[in-house]
Each structure stands twice: as structure tokens, then as C-alpha cells.
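Take a look at the letters that make up each chain.
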Amino acid sequence: MARLRTRKHKVVLSRSVGGDAGITVILVLLGIFMVLPMVYVISQSLKPLDELWMYPPRFLAQSPTIDNYRDLFTLMNDSWVPFSRYIFNTVFNSVVGTLGHLFIASMCAYALAKIKFPGGKFIFSTIRTSLMFHSTVTSITSFILMSALNMIDTYWAVIVPAWGYTLGLYLMKQFMDTHVPDTVLESARLDGASELRTYWTIAMPMVKPAWLTLIIYSFQSLWNAGSSIYIYSEQLKSFNYAIGQITAGGIKRAGASAAATVLMMLVPILMFVITQSNIVETMGSSGMKD
Amino acid sequence: MAKQSAEYKAVARKDMTYRQWIWKEMKRNWVAYLLILPYVLIFTAFTILPVLLSVVLSFTNFNMLQIPDIVWLDNYINLFFADDIFLTACTNTLIFAGIVGPASYLMSFLVAWFINELSPKVRAIVTLIFYAPSISGQVYLIWGTLFSADSYGWVNSFLMETGIKTEPIAFFKDADYVMPLCIIVALWTSLGTSFLSFIAGLQGVDRSMYEAGAVDGVKNRWQELWYITLPSMKPQLMFGAIMAITGAFGFGGIVTALCGFPSVDYAGHTIMHHLEDYGGQRYETGYASAIATVLFLIMILANMLVKKIISKVGS
């Protein structure tokens, strides 16, 4: 029988000093591995031109400037499709795609989680299975279907598939399972509230963390979307694609491209910082039982 | 609740057949079908139909222009017996996914476990540090700058300054370095959904279980991990595994962005690239569909296998 350590009548879990030290070392090493490239991209974006092509290269900028950010905006103004157009495309796709996804997926999640109806379980397990394969598998045949629906080279080619994003529906359904008590819904139904009403006025306000998670996930993937095989027109392409074009402009633009990368990544990172606790709460019910 | 269970007992009713009862239940719950309709339509159109269509097309020689002929298994026979590049792609994909999947899974779990006992504020910061690369779009291109082929690249200049090498290495154009480097970059971006799910799962384990465990003779954190923590977060372990596997098969974009397409000597060529090559560039849709079907089966099988393994955890 092990010695049981207690403090103020509470059990103290046994933690060896060696274990603590080892874990700290591994964590710090992994942390450095994760953070160094991030620091480097920020440092690159702040280097003046002569430092970008200095030998030997320095990891950190010696005399940081915001010239690269200024260059980026000049480059943007010079492109033949105005840059505001690319930004509009990305924002439009992200917002419409995310809002549509939120309503369509949460409506379906509510029915699957809280109404017992023939076929519900089967539909959910089919949707869940689709988490198991990557969407590249369907990219070629989706193209055929989209051209049959006349969606190729329109905003809808990006937006409508995003409405059907599986992970969002899955997380919402799981969260509703555990966070919306059946008794509350039952009493609302007895009071004569319609399903649509219980969904919107009772269930939805109870699952705000899941909303935020859905919004963040969907927004992230749409915001980071690069060139799509479904879009040809320059006028419909995304901001991320346009940044890729700047980067492809060669060594002269190394600084501007680093600046663009930093600007692009700020948005999802800030959104995550604000909503982190909600996302982690949603993930608490993400588990799969079987 | 009582009302519901009474209705569900009605299955055993004598006055209607099972089919009649289903029909009655469907009519009673018509709103549910209305609510799921938009999602199910989109899901069917952009996920189910494409999968089915690629299975069907894989038996034809469809090329987007002519009316296809049925060629039965010809596409598959060509893939496995005549297409050397496909076999390279298969090997690469299995190496890639076989390393990135488990490694990213382990790393996600270990980091989540390590930070579990830190104070909430520190935990939030560490979480951000590890999670940020996976949500930052194309930030991984910075690895291309770090490992740039000329002596202005930070790694090359370091190797030359310290005298380990005299000539710069063209990392992403050298078949020896392509795979290992892409695996490292993929790992760097891989602490995503499964990582967050593990953090939440670990937070969700009831502390009194640990105390009970300590009373019952659990000696250290490793025993605690195996006997208490892992078994009580099995659902998250399962979900995390699926996310990690699906992610591990989806890293083709990183290879293309860093090494170009096709990569040198096909060193980083995966099934995904092969699919893109035949489907997106050569318009041999029938053949590409066969590739997609094979990839689909590999992913589903990998998931099934891992599910089996995880169900044995802690027993």
C-alpha cells in the first residue's frame, strides 16, 4: 500500500520532481520548435531590404521597419484587379459561408440531437463517417456535379459546400446532446411551442459556445482558402490567392510577402484568442462513444 | 420523458405493423425532416454523391468530353500493375501518414497532458503557441525561407558558418530531404482539432477519481495516466484519432507549396498529388476516380484499424 499524502484533509497526488523537470524540458523544447518559425516570419516582415539579403542572415531584425507593410499596399494598388476586390471576395465568402453554415448545420444538429425520428440515427452516423476521409477524395467528382448545377466560377462554388461542413455539424450535435436538457424542451412542447420555436428560443441560447466554435472553424477555413479548382475568374479569387501571387513575384518581394502572411494570420489567431475558452468547452463534448 | 417512452413502447402494439408504425412516427415528426432538409441536401450533393459517383466512374474511361465506356477493372489493374508512379505515391502516402498521423496524435496528447495541471492563464497561452500554426493559413511557407536553397537561407548559412557543409543544400529540391522536411512541417501544423479535444477531455476528468485512485494505491502520474485518465477520456481519444488520421492524409498541399509539383524525382508525390494530376490536369476522370476510390478506402480502413486499437486502451 502506497503512502497517502494529504494536506488539509485533501489527497495530494504524487508527482515526482524528476517527472516535473523532464516534462518541463520536453515542453520547452517543443514550444521552441513551434514558436521559432512564427517569430521568424514576423521578424522577416520587419526587416529592411538590406537585412533580408544580408550574409550571414540574422534571425531577428536588427533595425525593424514597417517598410514591407507599406510596400505591400503599394503592390496591392498596382495589381490589375484591385486588391479591394480580393479582400471583398474573401470577406464575402467567409461571412456568407459562415452564417449559412451556422443556421443550416445547427438546425440539422438540433433535430438530430433532440427529436427522435425514424432515420435520424442513420443520418447522423453517415455524416459522422464522412469525418473519416479528406475532402480531396471528392474534389474531382464534385467538379462534375457543380458544373451540372452551373455553380462553377461563381461565389456559390465556395460558399455552398462550406454550408455542409461536417465537423461543425458534428460538434454542434454533440454539444446539444449534453447541454440542452430534454426536460426543458419537453415542458416547452407541452406549453404548445413549435419545434422551430424551441430550437430557436430555447436550444440555441443554451449552446453559445458551440455557435462560436462553429463560426470560428468555418471562418478559419474560408478565410485561409487559397485558389480553388472551381474558380477561374481573376475577379472571384481569394485574398490568399492574391498574396500567393505576390510571393511568387520572387526575391524582391520577400519582405512584402512576409508582411502579407503576418496580416493574414492575425485574423484567425485573434479570433481564437477571444473565443478560446468557448472552443475548449465545446470540445469537451466532442468525444465519440463507439 | 414519460410520454416519450410510452410512445416508444408502442412498437409492440398489436394493431399496426412495424411499417405502419414507422410511417406514423415519420408523420408525427415531420418538422424534424424539415429541419434537417437543407443540410442533408447539401451534404448529399457535395459529399455522398461525389463519393458514389467516383466509385461508378472508376469503372469507366470517362474523360469529360466523350461518352464513357465501361472498362470494368482496367483502371485498377493499370493503377496497381502498370503505373509505377502510383506505387511510389502509395509508398510515400503510407510513410507520410504513418509517421505524421501517430506523431501528431502523440504530440497533441502529450502537450495537452503536460499543460493540464498548469494554471488556466498559462495553459491558455501555451495552448495558443501550439495551436497557432494550424490556423495560420499559409504561414508554413516560412519553412521554405528558413531552409532556402541558397546561402541566404538561415539553415544553410548556419551549416556553412559552423563548417558542417561547404556548399548550400537545395533542401526542397533534393530527393533525400523532401520527405523528412515535409514531415516536420506537416507536424508543425498538425496540432489542431485533436489537440483542443484532448485539452478539453483532460479537463473533464473528475478530480475525485484521481483522489480515489491515490487512495487505492496509484503510485505516480504514469499509473494515473494509464488506469484513470486514458480510460475516462476514451471518447476524445477516438475523436482525436479520426481528426489526426484525416489530417495526416491531407497534407499534399504543403508538399506542393514547398517543393513544387511534381516534386523532384517524385520524392514527395502522394496519392493526393496523383489524383490531382490525372483529375485536375489530364482530365482522365475515370482513372482519377479509381485513384480517389483507393484513397477513400485506405482512409476508412486506417480509421477502422485505429478505432480497434483505441478500444483496447486501459483494459
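Residues numbered from 1 in each chain as written. Chains lettered and ligands numbered in written order. Predicted model: local features only at pLDDT ≥ 70, side-chain atom pairs only at ≥ 80, totals over all residues. Heavy atoms only, no water.

**A closer look at the interface of chain B and chain A**
Opposite the 99 residues of chain B that make contact, chain A presents 97 residues. Three residues, Leu-35, Tyr-39 and Phe-46 of chain B, lead the burial of chain B against chain A; their summed loss comes to 10% of the area buried on that side. Linking chain B with chain A are 20 residue pairs in polar contact (both at pLDDT 80 or more), by the criterion used here. Residue contributions to the side of chain B that touches chain A peak at 20 residues, all from helix α3 (residues 30-57) of chain B. Of the residues in the side of chain B that touches chain A, the class split is 64 nonpolar, 24 polar and eleven charged. (Contact = heavy atoms within 4.5 Å. Buried area = accessible area lost by both parts, 1.4 Å probe. Polar contact = N/O pair within 3.5 Å; in protein donor to acceptor, adjacent residues only side chain to side chain. Helix = DSSP H or I, 4+ residues; strand = E, 2+ residues; numbered from the N terminus. Nonpolar A, V, L, I, M, F, W, Y, C, P; charged D, E, K, R; others polar.)

**Regarding the environment of Tyr-210 of chain B**
Tracing the backbone shows Tyr-210 of chain B in helix α11 (residues 207-215). Between the alpha carbons of Tyr-210 of chain B and Tyr-227 of chain B there is a distance of 9.8 Å; along the sequence they are 17 residues apart. With residues up to four places along the chain from it excluded, the contact list for Tyr-210 of chain B reads Leu-13 of chain A together with Val-205, Glu-224, Ile-228 and Thr-229 of chain B. Polar contacts involving the side chain of Tyr-210 of chain B include one to the side chain of Thr-229 of chain B, which spans 3.1 Å.

**Structural notes on the packing of aromatic side chains**
Two numbers describe a pair of aromatic rings. These are the distance of the centres and the angle of the planes. This structure, assessed with the given rule, holds 35 aromatic pairs over all chains. Relative to Phe-114 of chain B, the ring of Trp-113 of chain B has its centre 5.9 Å away and its plane inclined at 40 degrees; by these criteria the two rings are tilted. Take Phe-114 of chain B: its relative accessible area is 10%, and that puts it in the buried class. Here the basic side chain of Lys-173 of chain A rests over the ring of Phe-124 of chain A, its NZ or CZ set 4.2 Å away from the ring centre. Over the ring of Tyr-278 of chain B we find Arg-282 of chain B; its NZ or CZ atom is 4.4 Å from the centre of that ring. (Phe/Tyr/Trp six-rings, centres within 6.5 Å; stacked < 30°, edge-to-face > 60°. Buried < 20%, exposed > 50% of the residue type's maximum accessible area, 1.4 Å probe, protein only. Lys NZ or Arg CZ within 6 Å of the ring centre and 35° of its normal.)

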